[in-house]
Amino acid sequence: MQSKTKNIVLMGIFIALSLVGSYIKVPSPFQSIALDAMPAFLAGIILGGPQGAAIGFLGHLLTAANAGFYLTIPIHLLVAVIMAITIFVFSTICQKTNVVFAGIVGIILNGVGAPLIMAFMPQFGWVFFTGITPFLVLASAVNVIIAIAVAVVLQKSGFKGIDYVGR
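Here, residues in each chain are numbered from 1, in the same order as that chain's written sequence. Confidence filtering applies because this is a predicted model: local features only for residues at pLDDT of at least 70, side-chain atom pairs given and counted only at 80 or more, and all residues used for totals across whole chains, interfaces and linings. Each side-chain value is derived from all of the structure's non-hydrogen atoms; neither hydrogens nor water enter the calculation.

Here we come to the overall build of the protein. Helix numbers and strand numbers start at the N terminus; a helix is a DSSP run of H or I with at least 4 residues, a strand a run of E with at least 2. Assigned secondary structure in the protein consists of six helices and zero strands. Along the chain direction, N to C, the helices and strands of the protein fall in the order α-α-α-α-α-α. Only C-alpha atoms enter the radius of gyration, while the globule expectation follows 2.2 Å times N to the 0.38, with N the number of residues. Computed over C-alpha atoms, the radius of gyration of the protein comes to 15 Å, within 12% of the 15 Å expected from 2.2 N^0.38 for 167 residues, which places it in the range of a compact globule. Oriented by its inertia axes, the alpha-carbon framework of the protein measures out at about 45 × 30 × 25 Å. Relative accessible area decides the class of each residue, using a 1.4 Å probe on protein chains only: under 20% of the type maximum gives buried, over 50% gives exposed, and in between gives partly exposed. Within the protein, buried positions represent 49% of all 167 residues. Considering only contacts within the protein whose residues lie at least 6 apart along the sequence, 65% involve residues at least 24 apart. Contacts are assigned to residue pairs that have any heavy atoms within 4.5 Å of one another.

Dropping the structure here:
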């Protein structure tokens, strides 16, 4: 299988895993918090930032669709863009430093940064921020930790392309 074909196949698998993860909800007042981001974080480690970002974008939209676009389609599109940026930054930091630091940054960006951006929107505000942040930090941590654990296992099993997880 060519490298380009392999990447497309892997992206399809990660998108499918995002759909599966979208059904695994983290209990919260907001219905769109789920384990859809784990495949995107893992793809960010394995495939790189652009592919991981695309998977993060689609993964969030799949979760939002499963919840009936609880916060409206335009808001979920914004959240999907924020998710894509988060995964891209996570992947870049992972490649340049180490996976633990990248994981911490990913959790902060997704768990605190995303709701912080929305707090400045009139329809959300600080009540929304304080209400969603603990749940989003927990979900982000679970997504990132599982992705890193899977990457470590894949690296130890000899999976090609993950040479920077153990740094």
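Once that is clear, we can look at the nonpolar core. Of all hydrophobic cores here, the largest spans 27 residues; its most connected members are F14, F41, L42, I45, L47 and I55. Elements with a contribution of two residues or more to this core: α1 (3-22), α2 (38-46), α4 (73-96), α5 (99-119) and α6 (125-156). Looking at which element gives the most residues to this core, the answer is α2, with seven residues. Sequence-distant contacts of F14, defined by excluding residues within four places in its chain, comprise P39, L42, A43, I46, L47 and I55. Counting 12 residues, the second largest nonpolar core, distinct from the first, contains I75, V79, F128 and L136. To form a nonpolar core, buried Ala, Val, Leu, Ile, Met, Phe, Trp, Tyr and Cys residues must be joined to one another through side-chain atoms within 4.5 Å.

There is a patch of nonpolar side chains on the surface, built from L19, V20, Y23 and I24 and spanning about 390 Å² of accessible area. Tracing the backbone shows V20 in helix α1. Note on patches: the residues involved have over 30% relative accessible area and no salt bridge, like charges join within 9 Å, and the nonpolar side chains Val, Leu, Ile, Met, Phe, Trp and Tyr join within 5 Å. Here, Shrake-Rupley sampling with a 1.4 Å probe gives the accessible areas, and only protein chains in the shown set may cover a residue. Salt bridge, as used here: a side-chain nitrogen of Lys or Arg that lies within 4 Å of a carboxyl oxygen of Asp or Glu.

Attention now goes to helix α3 (residues 49-66). Residue pairs three or four apart in sequence face the same way in an α-helix, which turns once every 3.6 residues. Its 18 residues give α3 an end-to-end C-alpha distance of 25 Å, which sits within 8% of 26 Å, the value for a rise of 1.5 Å per residue. Residues G49, Q51, G52, A53, I55, G56, G59, H60, L61, T63 and A64 constitute the buried set of α3. Elements in contact with the buried residues of α3: α1, α2 and α4. Positive backbone phi, approximately 80°, marks G68, located one or two places after α3. How far a helix is expected to stretch is found by multiplying one less than its residue total by 1.5 Å.

Further remarks concern the packing of aromatic side chains. The geometry of an aromatic ring pair comes down to the distance between the two centres and the angle between the two planes. Any two of the Phe, Tyr and Trp rings considered here, Trp counted by its six-membered ring, make a pair once their centres fall within 6.5 Å; the pair's planes then place it as stacked at under 30 degrees, edge-to-face at over 60, or tilted in between. Per the counting criterion, the structure on display carries four aromatic pairs. Judged by centre distance (5.4 Å) and plane angle (80°), the rings of F120 and W126 are edge-to-face. In this structure F120 comes out as exposed when scored by relative accessible area, which is 63%. Taking relative accessible area as the criterion, W126 reaches 46% and is therefore assigned partly exposed. Where W126 meets F129, the ring centres are 5.5 Å apart and the plane angle is 80°; that geometry is what we call edge-to-face. A residue pair is termed a helical-turn pair when its members lie 3 or 4 positions apart in one helix, as W126 and F129 do in helix α6 at three residues. Through a chain of ring-to-ring contacts, three or more aromatic side chains come together here, namely F120, W126 and F129.

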